[in-house]
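Examination of the molecular architecture
For reference, the chains in residue letters:
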Amino acid sequence: MEIRLKGWQAVVVLLAIVAFLGFRFATARATVGTEGAEVLRQWVAAEYQRYHLDRTDLSDEERARVLLATDSVRFRTVSGRGSPDDMVVRVEIEPSSAHPPDTPYVRYYRMEYSTVTGWHHRGNVTALAYHLAFF
């Protein structure tokens, strides 16, 4: 079966495809919202806490001060791409005294959303995964 489109029919089909791709691209640049950002903030704070708990160069007072500082982890920006059931999120972390050395301030995570259980962190990903997550 061969389909040939000519004239206005071809233009209509082409416009429909462009409109669909434009819509999907616009929705792929979704925001995670406050609930998803809080899940990521808790995840990052837990990473910071694990790092500082494993350190042997801190006194108990210094360790307590740094561990308390991990609760104040904040994000400058949070943006997501993809659909809610498979979203890649880019976060830019604000510098703080709890930030481990050699840890990048811009991080990428894969998340999913369930209407029953909410947002879930599925793992760290690369910047490439974020930029390729259109749909």
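Residues numbered from 1 in each chain as written. Predicted model: local features only at pLDDT ≥ 70, side-chain atom pairs only at ≥ 80, totals over all residues. Heavy atoms only, no water.

Per the counting criterion, the structure on display carries 6 salt bridges. With a closest N to O distance of 3.0 Å, Arg 55 and Asp 57 form a salt bridge. Given the relative accessible area of 21%, Arg 55 is considered partly exposed. A relative accessible area of 52% places Asp 57 in the exposed class. (Salt bridge = Lys/Arg side-chain N within 4 Å of Asp/Glu carboxyl O. Buried < 20%, exposed > 50% of the residue type's maximum accessible area, 1.4 Å probe, protein only.)

Residue Asp 102 is not a glycine yet carries a positive backbone phi of 60 degrees. The topology assignment puts Asp 102 in the loop between β2 (86-93) and β3 (106-114). (Helix = DSSP H or I, 4+ residues; strand = E, 2+ residues; numbered from the N terminus.)

Pairing within the open sheet is antiparallel, and its 4 strands lie in the order β1-β2-β3-β4. A single partner strand is all that each edge strand has here, and the edge strands are β1 (75-83) and β4 (118-124). Each neighbouring strand pair of the sheet contributes to a mean axis angle of 30 degrees, computed without reference to strand direction. For β2 and β3, the ladder comprises 6 bridges, and the chain directions are antiparallel. Looking across to β3, one finds that Arg 90 is bridged to Tyr 108. Lying over the sheet, helix α2 (residues 33-54) contacts β1, β2, β3 and β4, oriented at roughly 45 degrees with respect to β4. (Pairing = 2+ DSSP bridges. Axes fitted to C-alpha atoms, helices over the stretch in contact; angles between N-to-C directions. Contact = heavy atoms within 4.5 Å.)

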